[in-house]
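# An overview of the molecular structure
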Amino acid sequence: MVLIIDGYEVSSPLPVSQLHSKYQLLKANSLSVLSRPAKQVEASEKCLYVGQREVAVVAPGDNVNMVGSEDATTCHIVILRDVHTGVTGLAHLDNEEPNDFLTLEREVRDRKGVRQVTRELDTLEYSVSILGGYDDENSTSEEITEMLITVMQGLKARFILQLACTGLVNTVMKNDVPWPRVYGGGVDVDTGEVFTAKFSYHGPDTDIRSLRLHSRGATLHNIYDPYAGKIVIKPFAYSVMPDAHLWLKKADSFILKYCSTSPLVEPPDFCEHIRANFRRMISDPKPMDTLFPGGRSRVYKRHEITGQWILEMDDSSDARSKSACDMKPWGANDFRMQFN
């Protein structure tokens, strides 16, 4: 049950407002990363892109050079790296639900081969980096940061907080409106270097993956099979939102107003992402028939030249779990937080 910041064990409650004022080395390291130009990442660089409420776990020697995520305003991109083996998990968290971070830690631990009931749990040691989240008017970012600190303090492993590029240090004022300084970042799989970044390629099939957020019981989803070197999207179902075709005609201002928790600071392509979701909903109203026929996962292999991910349907049929087939009614509020 150890959280380490600037070499000190932090066992007592730590208000998020004091995180950077109390731990100056953490603040300096975070500001140093934020001050560097964002890395422009292309698909050909063997980057595995993780979307909202997704996680991927990799290790040195995998056919992946870097893992990253973007489009985080109030969201947090959390990088968890085992200090002994280099096994690294990256998750894009969009709420203060502790189970999502617990899932990230479990996925990293499972890749290491550490079982739930073993003394090895006491020897686990992770370096932790947080990118994303700013001083937003609703304190949504602060709530996520507070959850992360509290959960890390309660687990058996040792968590060394290296970077916290969130809150005030990731905030800049523009016309009296607080904006995030950076929206994305990643990690070099071999070296563990964390950097801010912009990604030219968010694939594969970002519209399908985004709609998974609105299937019933959608939780953090591991998208990567490191042993096969493939992205795997498991089956899920959704209900078509009423009047989806009309939403395609709405102005950007309307979409921002009703589909975002931070409409003033969304990235430029936010509205187009929302429209892509509606188009996919219209083209595939029955995803279990057209996107996941026979209950099969969507499996993608990286193209060796372009670096993009190419669909190759899994030959084996997955049992249709209850969570995969559950559907819930749509409403405009369902889109909120999707790219935040």
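Residues numbered from 1 in each chain as written. Predicted model: local features only at pLDDT ≥ 70, side-chain atom pairs only at ≥ 80, totals over all residues. Heavy atoms only, no water.

### Comments concerning the pattern of salt bridges
Applying the stated criterion to the full structure yields 13 salt bridges. Salt-bridge contacts for Arg109 lead to Glu105; the nearest nitrogen and oxygen are separated by 2.8 Å. Here Glu105 and Arg109 lie together in helix α3 (residues 98–112), a separation of four residues that amounts to about one turn. Glu105 matches Arg109 in its accessibility class, with the two residues each being buried. Here Asp205 ties to Arg298 by a salt bridge, and the two come within 2.9 Å at their closest N and O atoms. Remark: Arg298 occurs in strand β18 (residues 298–302) and Asp205 occurs in the loop between β14 (194–199) and α5 (206–211); sequence separation between them is 93 residues. (Salt bridge = Lys/Arg side-chain N within 4 Å of Asp/Glu carboxyl O. Helix = DSSP H or I, 4+ residues; strand = E, 2+ residues; numbered from the N terminus. Buried < 20%, exposed > 50% of the residue type's maximum accessible area, 1.4 Å probe, protein only.)

### So, the sheet that holds β14
Spatially, the five strands line up as an open sheet ordered β3-β14-β13-β6-β4, and their pairing is mixed. Two strands lie at the open edges of the sheet, namely β3 (39–41) and β4 (47–49), each paired on one side alone. Each strand axis lies, on average, 35° off the axis of its neighbour in the sheet, ignoring direction. Sheet topology note: the strand β13 (residues 185–188)/β14 ladder contains three bridges and is antiparallel. Note that in β14 the partner of Gly185 across the bridge is Thr196. (Pairing = 2+ DSSP bridges. Axes fitted to C-alpha atoms, helices over the stretch in contact; angles between N-to-C directions.)

### Examining a negative patch on the surface
On the surface, Glu96, Glu97, Asp135, Glu142, Glu143 and Glu146 cluster together to form a negatively charged patch. Summarising the element assignment, Glu96 is placed in the loop between β8 (88–93) and α3. Judged by relative accessible area, which is 39%, Glu96 ranks as partly exposed. (Patch = residues over 30% accessible without salt bridge, like charges linked within 9 Å, V, L, I, M, F, W, Y side chains within 5 Å. Areas by Shrake-Rupley, 256 points an atom, 1.4 Å probe, with all protein chains shown as cover. Lys, Arg positive; Asp, Glu negative; His and termini not counted. Charge placed at Lys NZ, Arg CZ, Asp CG, Glu CD.)

### Describing the confidence of the model for the protein chain
Per-residue pLDDT for the protein chain has a mean of 89; in total, 88% of the residues score no lower than 70. Segment residues 315–340: pLDDT under 50, and 91 contacts once partners within four positions in sequence are set aside and those in other chains are kept. (pLDDT = per-residue confidence, 0-100. Contact = heavy atoms within 4.5 Å.)

### As for the nonpolar core
In this structure, Leu48, Val67, Tyr224 and Ile231 are the most contacted members of the largest nonpolar core, which totals 47 residues. Looking at this core, the element that brings in the most residues is helix α8 (residues 270–283), giving five residues. Not counting chain neighbours up to four residues away, the residues in contact with Ile231 comprise Leu48, Pro204, Ile223, Tyr224, Arg298, Val299, Tyr300 and Trp309. Listed in part, the 35 residues of the second largest apolar core include Ile5, Leu19, Leu148 and Ile149. (Core = buried A, V, L, I, M, F, W, Y, C linked by side-chain atoms within 4.5 Å.)

### What about the pairing of β14?
For β14, the tally of buried residues reaches five of six residues, placing the bulk of the element in the interior. Pairing geometry for β3 and β14, over three bridges, is parallel. Bridge assignment links Gln40 to a residue of β14, and that residue is Lys198. Taking the residues between adjacent antiparallel strands as the criterion, β13 and β14 are bridged by five residues, where Gly192 takes a positive phi near 85°.

### Here we look at the environment of Val87
Tracing the backbone shows Val87 in the loop between β7 (76–82) and β8. You can call Val87 buried: its relative accessible area is 6%. As for Val87 and Pro60, which are separated by 27 residues in sequence, their C-alpha atoms are 7.1 Å apart. Sequence-distant contacts of Val87, that is, excluding residues within four places in its chain, are made with Val57, Val58, Ala59, Pro60, Leu80, Arg81, Asp82, Val108, Arg111 and Lys112.

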